[in-house]
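Here are the chains, one letter per residue:
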Amino acid sequence: LSASPTTSIAPSMEPSTSSKPSYSPSSPPSNTPSVDSSTSPSKTATAHPTNHPTVSNSDSPSASPTTAAPTTISPTITCADDPTFRLNGITQKDCRWISANENRRSNACSKYSGPHRFCPVACGLCCADNPDFLTNFLFAYAGCVWLNTPQRKDAFCSNNSVRYNCPFSCDSCYNYVSQQPSQSPPTALTGSPSISPTP
């Protein structure tokens, strides 16, 4: 009887001694990794994190851009009339002269830019007593703080100088007069520069 061949499940430990070559030769192992990337992410995390963060751009912009809150810059106004200011450079036309007549005050504060800047009390932008003002109040040389009773106000606030320098203490703050926009047209543009360019 001829013995039937048996099929081994485990590989043999000895190399094959067949004299016939195989039809599909095995290729030697590659020393470099494959360049083809995986189509699905790995389910296990790497042992060591990368030294550089991953930066990815959004495919679509955000619904509203993020902007810093605007900073409002407003000029600081000292609530005191400038004693050196003169309207149109005329000596007698100071802030007190402007405030002495209501029609004059309304005209000066609305039509000129100077009074709004230099005479804020007279134009009604703010109201404050003049801290440097001193006068003779009934044998008392004092400032506006002395006008702290109705009797003293009635006696002295009718004085033009006192009323102008102590509007807060005299309860005589001026109403605000808004400045009208300039009526002059903007300067026309010229066809040539005002300064010749440097060659």
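Data block above holds the structure.
Predicted, not measured: the structure shown is a model, and the values here were computed from it. (Residues numbered from 1 in each chain as written. Predicted model: local features only at pLDDT ≥ 70, side-chain atom pairs only at ≥ 80, totals over all residues. Heavy atoms only, no water.)

## A closer look at the packing of aromatic side chains
How two aromatic rings sit relative to each other is given by the distance of their centres and the angle of their planes. Cut-off, in case you're wondering: Pairing of aromatic side chains here covers Phe, Tyr and the six-membered ring of Trp, requires ring centres within 6.5 Å, and sorts the geometry by plane angle: under 30 degrees stacked, over 60 edge-to-face, intermediate tilted. Helix and strand assignments come from DSSP, with helices taken as H or I runs of at least 4 residues and strands as E runs of at least 2, each series counted from the N terminus. With a 1.4 Å probe rolled over the protein chains alone, any residue whose accessible area is under 20% of its type maximum counts as buried; one over 50% counts as exposed, and the rest are partly exposed. By definition, being over a ring means that NZ of Lys or CZ of Arg is both within 6 Å of the ring centre and within 35 degrees of the ring normal.
What the rule picks out here adds up to four aromatic pairs. Note on Phe85 and Phe118: the rings are 5.2 Å apart at their centroids and 10 degrees apart in plane angle, and the pair reads as stacked. One end of the pair, Phe85, is in the segment before helix 1 (95-99); the other, Phe118, is in helix 3 (residues 113-118), with 33 residues separating them in the sequence. Phe85 sits in the buried class, given a relative accessible area of 11%. Look at Phe118 and you get partly exposed, because its relative accessible area is 27%. Ring centres of Trp146 and Phe156 lie 5.4 Å apart, and the angle between their planes is 75 degrees; this geometry places the pair in the edge-to-face category. With Trp146 in the loop between strand 2 (140-142) and helix 4 (150-156) and Phe156 in helix 4, this residue pair connects regions lying 10 residues apart in the sequence. The same class applies to Trp146 as to Phe156, namely buried. Linked through ring pairs, Phe137, Trp146 and Phe156 together constitute an aromatic cluster. Here the guanidinium or amino end of Arg104 rests over the ring plane of Trp97, the centre of that ring lying 4.1 Å away.

## Comments concerning unusual backbone geometry
A positive phi angle is found at Asn88, which is not glycine, with a value near 55 degrees. With respect to the helices, strands and loops of the structure, Asn88 is situated in the segment before helix 1. Using a relative accessible area of 53% as the deciding quantity, one classes Asn88 as exposed. Although it is not a glycine, Asp171 adopts a positive phi angle of roughly 55 degrees. For Asp171, a relative accessible area of 60% translates into the label exposed.

## Notes on the environment of Ser161
The condition that has to hold: Residue contacts are defined here by distance: any two heavy atoms, one from each residue, within 4.5 Å place the two residues in contact.
Looking at the secondary structure, you find Ser161 in helix 5 (residues 160-165). On the basis of relative accessibility, which here comes to 21%, the residue Ser161 falls in the partly exposed class. Considering only alpha carbons, one finds Ser161 and Thr135, 26 residues apart in sequence, at a separation of 9.3 Å. Ignoring sequence-local partners within four residues, the contact set of Ser161 consists of Arg96 and Phe133.

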